[in-house]
Amino acid sequence: MTQFGQRDSWIRELLAEAGQACLDDAGVDGSDVEHLYVSNMASGEFEGQTGIPNAVAHDLNALPAYTARIDQTSSSGGAGVYSAWQSVASGASDLTLLIGGEKMTHRTTAEATDVIASLTHPAEYKHGLTLPSFAGLTARRYLHVHDAPRESLAKVAVKNHKNGVDNPHAQFQKEVDLETVMESPIIADPLRLYDFCPITDGSAALMFCPESVAKEYTDEYVTIAGIGGATDTHVVHERMDPTVMAGVVESGEIAYEMAGIGPDDVDVAELHDMFTILEFLQSEGLGFFEKGEGWKAIEEGFTDRDGELPINTSGGLKSKGHPLGASGVAQVYEIYQQLMGTAGPRQVEAETGLACNVGGFGNCVITTIMEAGQ
Amino acid sequence: MSDNSPMEAARYPDGSILYPSHPVGPDGNEPVETVDLSEYTAEVITWTSSTATPPGVRQPNHIAIVEFDVDGEPVRAIGQLTTDDVEIGQTVEPEYVEQLREPGAGIREPESQAWDGYRFEPIE
């Protein structure tokens, strides 16, 4: 995983940096990679660079591997995990390298917001809908229906920034207090600046293979115990309950069933906190808490790093940053570190971990459950 | 109510009405007729006022999700508000606007879609 933040490197260089680090860590030569997937939302729109799987395969000497770009907007990383898992589970590949990345910070906030908002339906786009505005709409409804205090959302930001202090790859390794969050500028009422993730450059990579192959390289690895993907409406307002993300619910149920576990068996989770409200919606949709109860968990410290279910020990997208195509890969990398016992000061006790990567405003969702290898 | 372009929703064989329309509805069938939502009032489900707007969009941009009641059938829509002096549960009516944002200022190809539509005006 590369440093997340404002980087001088462009997309090809970011992807190659994370990819080479992954190859070195796994002890795999590039030429032995059979499939190479690149998770990326918009390198053409952001940078004018297309064809990146081929470019990166050449840069990593991963020829003649089969390559493909995986675009599922903000959940491109999770979708890449799905494709990489599928390539191994189907028997098509014995060594699959997945690299997720995005280069965004050379664009203004308005331009980057527009590139991301281009995923919306024409009926939404013409009204100037953005992902942050969907978050504001949803947060207001959530607070209204569940009689939740505004401060509960701010506490998500406080918690995740605190976690990010111990993540050397995070964009913001700096705590923020409740007052700072509550007094920061309004971005999409009732949400304020610190309720939103930043615009970020960065890349992360993972190596996938059958357990039999993994054992040729190492005694320590993590397995994908369950994975599920689901899609909700493209037009967000057609969802009759704006505070429920059906894609989260559906993908979670598929992943739980495949893993043969339930929400109570999860020890640590990385959720897609692109906006603070999303941590509540996902923690409820995945069954960690009852509907409308997610806000109480943050108030009670249940999801703190030393709580009963630590959520976003990496700092989350909120603190670590959100280079679109990299985020889902980086979430899985954090769970990998937690299960391997290599998370350093962020380490929690965990045998089973979950990552939930959200595209659009819950339009596409990938949930991945991992366990330490036997 | 307006004499301008209709706020066109589609009714499907199962009775459901969707705005915008889709080639097939929730029951998997094609729409059987159109419904002009500009002839109805709606209730505010939620709203926001966005200050970080993309190129070509007014700042701040007040937006609401509203629900129409078309003869007992609920129909949701999203759109700009004429004001941020609004509350959840308030009644609004559609008000036609020739250009909701500046075509070509953003990334979307100007010719690929319409740019006119309806803002919601609180009336009660």
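Residues numbered from 1 in each chain as written. Chains lettered and ligands numbered in written order. Predicted model: local features only at pLDDT ≥ 70, side-chain atom pairs only at ≥ 80, totals over all residues.

### So, the nonpolar core
All names here are of chain A. Let me state the cut-off plainly: By definition, a nonpolar core groups buried Ala, Val, Leu, Ile, Met, Phe, Trp, Tyr and Cys residues that are joined through C-beta atoms within 7 Å. Here exposure depends only on C-beta density: within 10 Å of a residue's C-beta, 20 or more other C-beta atoms make it buried, 12 or fewer make it exposed, and intermediate numbers make it partly exposed, the C-beta atoms being placed from the backbone. Start and end points for every domain follow an automatic or database-based domain assignment. By the convention adopted here, residues are in contact when the distance between their C-beta atoms, placed from the backbone, does not exceed 7 Å.
In terms of nonpolar packing, the biggest core is built from 140 residues, with Leu98 and Val329 touching the most fellow members. When residues are assigned to domains, this core turns out to be shared by domain 1 (11–106 + 202–214) and domain 2 (112–194 + 220–372), each giving three or more. What Val329 contacts, discounting residues up to four positions off in sequence, is Ser39, Gly77, Gly80, Val81, Leu98, Gly100, Ala204, Ala205 and Leu206.

### Digging into the domain arrangement of chain A
Residue and element names in this part refer to chain A. Quick reminder of the rule: Numbering of helices and strands runs from the N terminus, with a helix taken as a DSSP run of H or I at least four residues long and a strand as a DSSP run of E at least two residues long. Each residue is assigned to one of three groups, with Ala, Val, Leu, Ile, Met, Phe, Trp, Tyr, Cys and Pro labelled nonpolar, Asp, Glu, Lys and Arg labelled charged, and all others, Gly among them, labelled polar.
In terms of domain boundaries, chain A breaks down into domain 1 (11–106 + 202–214) and domain 2 (112–194 + 220–372). Each side of the interface is counted separately: domain 1 has 30 residues, and domain 2 has 28 residues. Looking at which element gives the most residues to the side of domain 1 that touches domain 2, the answer is helix H4 (residues 76–89), with eight residues. For the side of domain 1 that touches domain 2, the residue count by class is 13 nonpolar, 14 polar and three charged.

### Details of unusual backbone geometry
The amide bond that connects Leu63(A) to the next residue, Pro64(A), takes the cis arrangement and shows omega of 10°. Mapped onto the elements of the fold, Pro64(A) is located in the loop between helix H3 (52–59) and strand S2 (66–70). Backbone torsion omega between Tyr19(B) and Pro20(B) reads -5°, so that peptide bond is classified as cis. Within the element layout of this structure, Pro20(B) appears in the loop between strand S2 (17–18) and strand S3 (33–36). The residue Asn61(A) is not glycine, and still its phi comes out positive at about 55°. Residue position: Asn61(A) is located in the loop between H3 and S2.

### A short note on the interface of chain A and chain B
Taken together, the contact pairs 34 residues of chain A with 32 residues of chain B. Elements with a contribution of two residues or more to the side of chain A that touches chain B: helix H5 (109–117), helix H6 (122–125), helix H7 (131–146) and strand S4 (186–188) of chain A. In terms of residue class, the side of chain A that touches chain B is made up of 14 nonpolar, 11 polar and nine charged.

### Here we look at the packing of helix H1 (residues 11–26) of chain A against H3(A)
Residues and elements named next belong to chain A. The test is simple: In this analysis, axes come from line fits to C-alpha atoms, helices being fitted only over the stretch in contact, and the angle between any two N-to-C directions falls in the range 0 to 180 degrees. Roughly parallel means an angle under 35 degrees; roughly antiparallel, over 145; roughly perpendicular, 65 to 115; everything else is oblique. Crossing handedness follows the turn of the near helix against the far one: under a right angle anticlockwise gives a left-handed crossing, and clockwise gives a right-handed one.
For the pair H1 and H3, interaxial distance at closest approach is 10 Å and the crossing angle is 50°. One way to sum up the angle between H1 and H3 is to call them oblique. In the packing of H1 onto H3, the handedness of the crossing is right-handed. For the pair H1 and H3, the contacting residues are Ile11, Arg12, Leu15, Ala16 and Gly19 in the first and Ile52, Ala55, Val56 and Asp59 in the second. Partitioning the contact of H1 with H3 into residue classes produces six nonpolar, one polar and two charged.

### What to know about the environment of Ala92(A)
Residue and element names in this part refer to chain A. Structurally, Ala92 is set in the loop between H4 and strand S3 (96–102). With 12 C-beta atoms packed within 10 Å, Ala92 lands in the exposed category. C-alpha of Ala92 to C-alpha of His35: the two residues are 57 residues apart in sequence and 8.5 Å apart in space. Beyond its immediate sequence surroundings of up to four residues, Ala92 is in contact with His35 and Ser87.

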